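Chain by chain, the residues:
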Amino acid sequence: MDLTYTPEEEEFRARLRAWLAKVLPTLPPKPSPRDWPARRAYDLGWQRTLYDAGYAGLHWPVDAGGRGATPTQHLIYLEETEKAGAPYVGANFVGLLHAGPTIASEGSAEQRSRWLPPVLRGEEVWCQGFSEPGAGSDLAALRTRARRDGDDYVVNGSKIWTSHAEVADWCELLVRTDPDASKHRGITWLAMPMDAPGITVRPLRTLAGSTEFAEVFLDDVRVPAANRVGAENDGWRVTMVTLSYERGTAFVGEVVACRRVLSEIAREARKNGRWDDAVLRRRLGRLNAEFRALWRLTQWNVSEAQGTGGVPGAGASVFKLGYSHARQELFDAAAEVLGPESLDLGREWTLDRLSSLSYTIAAGTSQIQRNIVAERILGLPRGR
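Criteria and thresholds
Residues numbered from 1 in each chain as written. Predicted model: local features only at pLDDT ≥ 70, side-chain atom pairs only at ≥ 80, totals over all residues. Heavy atoms only, no water. Core = buried A, V, L, I, M, F, W, Y, C linked by side-chain atoms within 4.5 Å. Buried < 20%, exposed > 50% of the residue type's maximum accessible area, 1.4 Å probe, protein only. Helix = DSSP H or I, 4+ residues; strand = E, 2+ residues; numbered from the N terminus. Contact = heavy atoms within 4.5 Å. Axes fitted to C-alpha atoms, helices over the stretch in contact; angles between N-to-C directions. Parallel < 35°, antiparallel > 145°, perpendicular 65-115°, else oblique. Nonpolar A, V, L, I, M, F, W, Y, C, P; charged D, E, K, R; others polar. Salt bridge = Lys/Arg side-chain N within 4 Å of Asp/Glu carboxyl O. Phe/Tyr/Trp six-rings, centres within 6.5 Å; stacked < 30°, edge-to-face > 60°. Expected span 1.5 Å × (residues − 1). Bend = angle between axes of the 7 residues up to and from the residue.

A short note on the nonpolar core
In terms of nonpolar packing, the biggest core is built from 67 residues, with Trp126, Trp189, Phe291 and Leu330 touching the most fellow members. A per-element tally of this core places helix H9 (residues 315–338) first, with nine residues. Ignoring any residue separated from it by four or fewer positions in sequence, one finds Leu330 in contact with Cys258, Val261, Leu262, Ile265, Leu287 and Phe291. Listed in part, the 25 residues of the second largest apolar core include Val125, Cys127, Ala146 and Leu173.

What follows is the structure, encoded as structure tokens:
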């Protein structure tokens, strides 16, 4: 991995920085974090702006509609957009960072041409239908059934913690197509249209008051067999591709954001007198070192993914494990600096602290990540 920047990469950075300085002041005000239809419109509008400027899917392969940028250009893009305070992917999260890359890696030519351009143009939103009430951390224990009926699969079951379901057009859905197979087999990855008859969406309100998750109930929902990504009963392998993106590259922009927040916390501590606490200063210094190390790990993971066809490896679990815990401690430190103000839900850091509690669960629990690191990197025997 080469951590130096070429003249061409620095030129790319300068062009991007100039474009952001010109465009960001023209954006409309951000909608309320609790108004997901308005957030969908805002996020899709920003995605269209990126598309028109040639920055959508920057690191996606050219044959998937992207620009085929190098890993370093991708990281420069993430650095500069975060530093400039550009909008996050928001409602486009699943489509751009999970489903889209999976389809780019595993989908047929027809599937790539159907689903990827609308994601890049900011026309369609995806949600993730993986977790179930009885199969959270043990994803392979899912029980939602799909029975083949002619050219369709007929799906029955339910999902929970379905990200952005109430504003989504499509769902990356895991179903069990062979109930007699062992639990890691007999699973299939489907793209389900969210306007299909038989789908009921019940939003779930989070601790922060938002509804970016939902329960989804499926009653005889017909999904065309042409919407299957990968072979029937090969969905667990396809899912591992999805989860590699979710754990390995989907959070990289947030590392830059956390480093920015850490600087803001230090400024706030200097302003309100908390900086005199030597223990706090050491804590912030250690967090600074952790996020710098996570950024280097990010560079390594992205470079490795480029060398293996774009799919992150087991190092993604190392990153996800370290990042989720560092993020929680970051916002615990923010609460320490704010004191009683940390109870004010109007403060951005307060909402971030509440959301950080979920990071050791989302995208695979920390316990799952430790098992992956132990077995696939350290070569330790499987637990019983």
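Now that the structure has been shown, the text picks up again.
Digging into unusual backbone geometry
With a phi angle near 65°, His164 is a residue other than glycine that sits in the positive phi range. Here His164 is to be found in the loop between strand S3 (152–159) and strand S4 (170–176). Despite not being glycine, Asn233 has its phi angle at roughly 70°, a positive value. Mapped onto the fold, Asn233 is located in the loop between strand S8 (228–229) and helix H6 (235–248).

Looking at the packing of helix H2 (residues 36–53) against helix H5 (residues 109–121)
When two helices pack together, their arrangement is given by the angle between the helix axes and the distance between those axes. Packing of H2 against H5 leaves a shortest axis separation of 7 Å and a crossing angle of 100°. By the angle class used here, H2 and H5 are roughly perpendicular. Mapping the contact onto sequence places Gln47, Arg48 and Tyr51 in H2 and Val119, Leu120 and Arg121 in H5. Its residues placed into classes, the contact of H2 with H5 shows three nonpolar, one polar and two charged.

Quick notes on the pattern of salt bridges
In total, this model carries 26 salt bridges according to the counting rule given. One salt bridge in this structure joins Glu264 and Arg260, with 3.3 Å as the shortest N-O distance. In this pair, Glu264 and Arg260 are both assigned in helix H7 (residues 252–272), four residues apart and thus about one turn of the helix distant. Overall, the relative accessible area of 24% leaves Glu264 in the partly exposed class.

Description of the packing of aromatic side chains
Inspection of every chain in the model, using the stated rule, returns nine aromatic pairs. Aromatic side chains Phe12 and Tyr55 sit 6.4 Å apart centroid to centroid with 65° between the ring planes, which places their arrangement in the edge-to-face category. In this pair, Phe12 is assigned in helix H1 (residues 7–23) and Tyr55 in the loop between H2 and helix H3 (71–83), connecting sequence segments 43 residues apart. Judged on exposure class, the residue Phe12 and its partner Tyr55 are both buried.

What to know about the pairing of S4
Of all the seven residues making up S4, seven are buried; the element is thus mostly covered by neighbouring parts of the structure. Residue alternation in S4 divides its side chains into two sets, Trp170, Glu172, Leu174 and Arg176 and Cys171, Leu173 and Val175, and both sets are buried.

Quick notes on helix H4 (residues 93–106)
Here H4 is 14 residues long and its end C-alpha atoms lie 19 Å apart, about the 20 Å a rise of 1.5 Å per residue gives. In H4, a bend of some 40° at Ala99 exceeds every other bend along the element, and Pro101, a proline, comes one to four places later. When you tally the buried positions in H4, you get twelve out of 14 residues, the bulk of the element. When H4 is considered as a whole, its buried residues turn out to be Phe93, Val94, Gly95, Leu96, Leu97, His98, Ala99, Gly100, Pro101, Thr102, Ile103 and Ala104.

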